[in-house]
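# Analysis of the macromolecular model
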Amino acid sequence: GVVIISATATDNRAMKNVTIYYKNSTMPAWVRICTDTTLPYSCNWNVAALGNNKTYDINATAWDTSNNINSTVNTYVIDHSIPIISDIWVYYPTG
């Protein structure tokens, strides 16, 4: 099935994009799910081929128009009986 991953990112000037990645402990590198350039930042992630009850890290990385970066990582378990991933939030620090 497909789950929707969302992230919120703000900046004191303007946001460029948010890219969302995933990996688990057996994967050597992050795999890009998508890059979104418009609010609300979100990706459709097809988890049908992923193992049931496996743990995955989801990384949301935000870039502003000055190419400053901020990331956050949350961990989720894929449960094919309830394939929902929600509430990844990225906040760009102000000040």
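In this report, the structure presented in the accompanying data block is examined. Because the structure is a prediction, the values reported are computed rather than measured. (Residues numbered from 1 in each chain as written. Predicted model: local features only at pLDDT ≥ 70, side-chain atom pairs only at ≥ 80, totals over all residues. Heavy atoms only, no water.)

## Quick notes on the overall build of the chain
Short version of the rule: Runs of H or I in DSSP of at least four residues are treated as helices and runs of E of at least two as strands, each being numbered from the N terminus. The buried label applies to any residue whose accessible area, calculated with a 1.4 Å probe on protein chains only, is under 20% of its type's maximum; exposed applies above 50%, and partly exposed to all values in between. The contact criterion used throughout is that any non-hydrogen atoms of two residues lie within 4.5 Å. Here, Shrake-Rupley sampling with a 1.4 Å probe gives the accessible areas, and only protein chains in the shown set may cover a residue.
Check the secondary structure of the chain and you find 0 helices and 6 strands. Along the chain direction, N to C, the helices and strands of the chain fall in the order β-β-β-β-β-β. Looking at the chain as a whole, 38% of its 95 residues qualify as buried. Contacts in the chain between residues at least 24 apart in sequence constitute 57% of all its contacts with a sequence separation of at least 6. For the chain, the accessible surface area stands at approximately 5600 Å², while carbon and sulfur atoms represent 50% of it.

## Things to note about the packing of aromatic side chains
Definition in use: Pairing of aromatic side chains here covers Phe, Tyr and the six-membered ring of Trp, requires ring centres within 6.5 Å, and sorts the geometry by plane angle: under 30 degrees stacked, over 60 edge-to-face, intermediate tilted. A ring has a charge above it when a Lys NZ or an Arg CZ is no more than 6 Å from the ring centre and no more than 35 degrees off the ring normal.
Scanning all chains against the criterion turns up 3 aromatic pairs. Taking the centre distance of 4.9 Å and the plane angle of 40° together, the rings of Tyr 22 and Trp 45 count as tilted. A residue pair is termed long-range when its members are at least 10 positions apart, and Tyr 22 in strand S2 (residues 15–23) and Trp 45 in strand S4 (residues 41–46) qualify at 23 residues. Its relative accessible area of 15% is what places Tyr 22 among the buried residues. The class for Trp 45 is buried, based on a relative accessible area of 5%. The interplanar angle of 85° and the centroid separation of 6.1 Å between the aromatic rings of Trp 45 and Tyr 56 together place this pair among those described as edge-to-face. Linking Trp 45 in strand S4 with Tyr 56 in strand S5 (residues 54–64), this pair joins segments that are 11 residues apart in sequence. Of the residues examined, Tyr 56 reaches a relative accessible area of 6% and is grouped as buried. Taken together, the aromatic side chains of Tyr 22, Trp 45 and Tyr 56 make up a single cluster linked through ring pairs. Directly above the ring of Trp 30 sits Lys 23, whose terminal nitrogen or CZ lies 5.8 Å from the centroid.

## Comments concerning the sheet that holds S2
In any sheet, the strands associate via hydrogen bonds between backbone groups, in a parallel or an antiparallel arrangement. The cut-off we apply is this: At least two bridges found by DSSP between two strands is the condition for calling them paired. In this analysis an axis means a line fitted to C-alpha atoms, helices contributing only their contacting stretch, and an angle means the value between N-to-C directions, from 0 to 180 degrees.
Read across the sheet, 4 strands follow the order S3-S2-S5-S6 without closing on themselves; strand pairing throughout is antiparallel. Each end of this open sheet is capped by a strand with a single partner; those strands are strand S3 (31–36) and strand S6 (69–78). Put simply, the sheet's adjacent strands are angled 20° from each other on average, direction ignored. Direction of pairing for S2 relative to S3: antiparallel, over a ladder of 5 bridges. Looking at the pairing, Ile 20 lines up with Cys 34 of S3.

## What to know about the nonpolar core
Here is the rule we go by: By nonpolar core is meant a set of buried Ala, Val, Leu, Ile, Met, Phe, Trp, Tyr and Cys residues that side-chain atoms within 4.5 Å join together.
In this structure, Val 18, Ile 20, Tyr 22, Ile 33, Trp 45, Tyr 56 and Ile 58 are the most contacted members of the largest nonpolar core, which totals 22 residues. Listed by contribution, the elements that provide at least two residues to this core are strand S1 (2–7), S2, S3, S4, S5 and S6.

## Considerations on the side chain of Asp 64
Under the convention used in this document: As used throughout, the charge tally considers Lys and Arg to be positive and Asp and Glu to be negative, leaving His and the chain termini uncounted. For this document, the term salt bridge refers to a Lys or Arg side-chain nitrogen within 4 Å of an Asp or Glu carboxyl oxygen. Polar contact is the term for a pair of N or O atoms within 3.5 Å; when the atoms are in protein, one must be able to donate a hydrogen and the other to accept it, and sequence-neighboring residues count only if both atoms are side-chain atoms.
Topologically, Asp 64 is positioned in strand S5. No salt bridge forms around the buried Asp 64; measuring N to O, its nearest opposite-charge neighbour Arg 13 is 6.9 Å away. Of note is the side chain of Asp 64, whose polar atom sits 2.8 Å from the backbone nitrogen of Asn 68.

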